[in-house]
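What follows is each chain in one-letter form.
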Amino acid sequence: MATRLADLPKALLHDHLDGGLRVNTVLELAADIGYEDLPVTDPAALSDWFHQGGSGSLENYLEAFSHTIAVTQTAPSLERVAYEAVVDLAADGVRYAELRFAPTLHTAAGLEPTEVVAAVAAGIRAGEADTGCVARLIVDAMRQMNDSEDVAKLAVASRRLGVVGFDLAGPEAGYPNGNFRAACHHAGDGNLAVSVHAGEGDGTSQIWQALHRCNAKRIGHGVRIIEDTTVVDGVITGLGSLAAYMRDLRVPLEVSVSSNLHTGVFPTPAAHPVGLLHRAGFAITINTDNRLMSGTSMTEEFELLRRHHQFDLEDFHLVTRSAIEAGFGEWPERRRLIAEIDGHYRALGSSR
Ligand SMILES: [Zn+2]
């Protein structure tokens, strides 16, 4: 494939606002508020620290977020990082993005959760206006906190600001998704779509609970669904009932290969099941998860897929279209984008 991956139009559904700050922005915001707990202050060294220091397990990975969260406790800082996220994604070829964040992590300096959402929404709108990338928001409840029902209410009440979904994030082990059924049902009762992190740090039971206790429409990661399949000679030859449900009902998986490598879910890019699942007909979407902590971009994720899973132009076309189809944003806007990306990929030679 002669096409530069950087030039391909892309779409993503799973990118954490507090996991995607520019290193220089972290340093500038820290200086603004006199935050002195960064491990290093040289930009290159801090970049390395974020990429390497916060890896090894999901819990360590999550710890790296304490710094990005500490420097985003004011409305201007939240607006800035949201704006920069859209600008950076657009520069990476992203035409449709759903950014997610947990508002109650940004209230330590006195902001109300509604003010947090409003600041992020303002940054998103400014980013959209400057780039043409369509960006929407998902509000996260953190499983280790005790506020999931309040966060779900906030999410439902924030729809007019561009909030299109509610998500459960944070550590999986010890936090069964079924425990958050009330919050997810509140979102659903408010006609807000639900996506749940599941099958990342913990096994298929979490995916089952996300689908059938939380009524999730999409699964964040979900790649451990491979444990409910039979693989022979590099091909999925059998599906358990949960895997069959996901494949046959086209439940979108928000796959993030680099993130899974950093948290130790799979040891190498080649060992990641994304290619197996894609070829077996699962609804795969490709995502960055945390661009800063994983040192990644959509172009980097596409490169991993090309190099280790033999993705070609038609595969990239399919996963991009799948992401926009699985989006929670307004259908007319997404339909327009599907026509646009179909035209772009077909002009490059895709026959899909
Ligand atoms: Zn995530």
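Provided above is the structure to which this section pertains.
The written sequence of each chain sets the order in which its residues are numbered from 1. The predicted origin of the model limits local features to residues at a pLDDT of at least 70 and limits the giving and counting of side-chain atom pairs to 80 or more, whereas totals for whole chains, interfaces and linings rest on all residues.

Caption draft 1: Structural context of the nonpolar core. Of all hydrophobic cores here, the largest spans 97 residues; its most connected members are Val 86 and Val 120. The leading source of residues in this core is helix 5 (residues 75-91), at 8 residues. Think of it this way: build a C-beta for each residue from its backbone, and any pair within 7 Å is a contact. Not counting residues up to four positions away in its chain, the partners in contact with Val 120 are Leu 17, Leu 78, Ala 82, Phe 101 and Leu 137. In this description, a nonpolar core means buried residues of the types Ala, Val, Leu, Ile, Met, Phe, Trp, Tyr and Cys, linked to one another by C-beta atoms lying within 7 Å. Neighbour counting defines burial: a residue surrounded by 20 or more other C-beta atoms within 10 Å of its own C-beta is buried, one with 12 or fewer is exposed, and intermediate counts give partly exposed, using backbone-placed C-beta atoms. A helix here means a DSSP run of H or I that spans at least four residues, while a strand means a run of E at least two residues long, and both kinds are numbered starting from the N terminus.

Caption draft 2: Spotlight on helix 15 (residues 331-348). Helix length check: helix 15 (18 residues) gives 25 Å between terminal C-alpha atoms against 26 Å at 1.5 Å per residue, within 8%. Along helix 15, the residues classified as buried are Arg 334, Leu 337, Ile 341 and Tyr 345. Down the axis of helix 15, the smallest arc covering the buried residues is 65 degrees, so these residues share one side. Exposed and oriented more than 90 degrees from the buried face of helix 15 are Pro 332, Arg 335, Ala 339, Gly 343 and Ala 347. On its buried side, helix 15 packs onto strand 2 (94-101), strand 3 (134-142) and helix 14 (313-326). Positive phi shows up at Gly 349, right after helix 15, with a value of about 120 degrees. One less than the number of residues in a helix, times 1.5 Å, gives the span that helix is expected to have. Each C-beta atom gives one direction from the helix axis, and the arc is the one those directions make.

Caption draft 3: Quick peek at the environment of Trp 208. With respect to the secondary-structure elements, Trp 208 resides in helix 9 (residues 204-212). In the structure, Trp 208 is positioned 38 residues away from Met 246 in sequence and 9.8 Å away in space, judged by C-alpha atoms.

Caption draft 4: Highlighting the packing of helix 7 (residues 148-157) against helix 8 (residues 181-189). Simply put, an axis is a line fit to the C-alpha atoms, just over the touching stretch for a helix, and the angle between two N-to-C directions goes from 0 to 180 degrees. At a minimum axis distance of 8 Å, the contact between helix 7 and helix 8 shows a crossing angle of 10 degrees. If you check the angle between helix 7 and helix 8, you find them roughly parallel. Across the interface between the two elements, Ser 148, Glu 149, Val 151, Ala 152, Lys 153, Ala 155 and Val 156 of helix 7 pack against Ala 182, Ala 183, His 186 and Ala 187 of helix 8. Here the contact of helix 7 with helix 8 is built from residues that sort into 7 nonpolar, 2 polar and 2 charged. For classification purposes, an angle smaller than 35 degrees is called roughly parallel, one larger than 145 roughly antiparallel, one from 65 to 115 roughly perpendicular, and anything else oblique. For this scheme, ten residues count as nonpolar: Ala, Val, Leu, Ile, Met, Phe, Trp, Tyr, Cys and Pro. Four count as charged, namely Asp, Glu, Lys and Arg, and the remainder, Gly too, count as polar.

Caption draft 5: Just helix 9, in detail. Residues of helix 9 that are buried: Gln 206, Ile 207, Trp 208, Gln 209, Ala 210 and Leu 211. Contacts from the buried residues of helix 9 go to strand 5 (193-198), strand 6 (218-221) and helix 10 (241-248).

Caption draft 6: Broad picture of the sheet that holds strand 10 (residues 284-286). Taken in spatial order, the 8 strands make up an open sheet running 1-2-3-4-5-6-9-10, and their pairing is parallel. Looking at strand neighbours, the two that pair on one side only are strand 1 (10-16) and strand 10, the edges of this open sheet. Averaged over neighbouring strand pairs, the angle between their axes works out to 25 degrees when direction is ignored. Only strands joined by at least two bridges in the DSSP assignment are considered to pair. Direction of pairing for strand 6 relative to strand 9 (residues 253-255): parallel, over a ladder of 2 bridges. Following the sheet pairing, Ile 219 is matched in strand 9 by Leu 253. Where helix 6 (residues 113-131) meets the sheet, it contacts strand 2, strand 3 and strand 4 (163-169), and its direction lies at approximately 155 degrees from that of strand 3. Strands strand 3 and strand 4 of the sheet are contacted by helix 7, whose axis makes an angle of about 160 degrees with strand 3.

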